[in-house]
Amino acid sequence: MSKKAAFLFIGGLILAIIVISVVSMIFWGPKKERAYIYVTTEGFGEDKDVTDRLLTIDPGDTLVDVMSLKYKEYYEKFERPLVRQNEFVEFLGRKKENNMKIRVYIDDVLTLDISQAYLGTGSRIKFVYTK
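What this report covers is the structure whose coordinates are included nearby. (Residues numbered from 1 in each chain as written. Predicted model: local features only at pLDDT ≥ 70, side-chain atom pairs only at ≥ 80, totals over all residues. Heavy atoms only, no water.)

## Some points on the overall build of the chain
Line of reasoning, step 1. Scanning the chain from N- to C-terminus turns up three helices and eight strands.
Line of reasoning, step 2. In the chain, the succession of helices and strands from N to C terminus is α-β-β-α-α-β-β-β-β-β-β.
Line of reasoning, step 3. Whereas a compact globule of 131 residues would reach a radius of gyration of roughly 14 Å, the chain reaches 25 Å, over 25% beyond that.
Line of reasoning, step 4. Counting only C-alpha atoms, the chain reaches 90 × 25 × 25 Å along its principal axes.
Line of reasoning, step 5. Surface summary for the chain: the accessible area is close to 9,000 Å², and the carbon and sulfur share equals 56%.
Line of reasoning, step 6. A distance of 7 Å separates the average location of the 20 positive side-chain charges in the chain from that of its 18 negative side-chain charges. (Helix = DSSP H or I, 4+ residues; strand = E, 2+ residues; numbered from the N terminus. Rg over C-alpha atoms; globule rule 2.2 N^0.38 Å. Areas by Shrake-Rupley, 256 points an atom, 1.4 Å probe, with all protein chains shown as cover. Lys, Arg positive; Asp, Glu negative; His and termini not counted. Charge placed at Lys NZ, Arg CZ, Asp CG, Glu CD.)

Put into structure tokens, the structure is as follows:
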């Protein structure tokens, strides 16, 4: 085998490896990371109270992001939650009125700043409608 043929063979082999690598990265590249959170609701009514409903989100999203149009399916499922002045004023059709409040607990801790409530895998969010 001549030197020219050996160089062509090695060059072709390297080119084939590069093409296969690029194509595999395009079609089977890294998957987008997802986080799983659990949502519980209490006090909204028997038909609306759920326990540990599993939702899939992007890691690092805030609670406001999750309940916005970014996740249209969740936004519709929770009946278009409304956030004003960093708190829920409407959730699952219930409004904050007549001494009734919508409290949010993340991992059993009352959360007052929901726009800064960053969520990750395993976060447990509880919405409580109470006096």
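The discussion continues.
## Looking at the side chain of Thr62
Line of reasoning, step 1. Its location among the elements puts Thr62 in the loop between β2 (53-57) and α2 (63-66).
Line of reasoning, step 2. Look at Thr62 and you get buried, because its relative accessible area is 6%. (Buried < 20%, exposed > 50% of the residue type's maximum accessible area, 1.4 Å probe, protein only.)

## Focus: the packing of aromatic side chains
Line of reasoning, step 1. If you walk through the whole model with that rule in mind, you get eight aromatic pairs.
Line of reasoning, step 2. Centroid distance Phe27 to Trp28: 6.0 Å. Interplanar angle 55°. Geometry classified as tilted. Side by side, Phe27 and Trp28 carry an identical accessibility label, which is exposed.
Line of reasoning, step 3. Taking the centre distance of 5.4 Å and the plane angle of 25° together, the rings of Phe78 and Phe91 count as stacked. In this pair, Phe78 sits in the loop between α3 (72-77) and β3 (82-84) while Phe91 sits in strand β4 (residues 87-91), placing the two residues 13 residues apart along the sequence. For the pair shown, Phe78 and Phe91 are each scored as buried.
Line of reasoning, step 4. Taken together, Phe44, Phe78, Phe88, Phe91, Phe127 and Tyr129 form an aromatic cluster joined through their ring pairs.
Line of reasoning, step 5. In this structure, Arg124 packs its charged tip against the face of Tyr38, placed 4.5 Å from the ring centre. (Phe/Tyr/Trp six-rings, centres within 6.5 Å; stacked < 30°, edge-to-face > 60°. Lys NZ or Arg CZ within 6 Å of the ring centre and 35° of its normal.)

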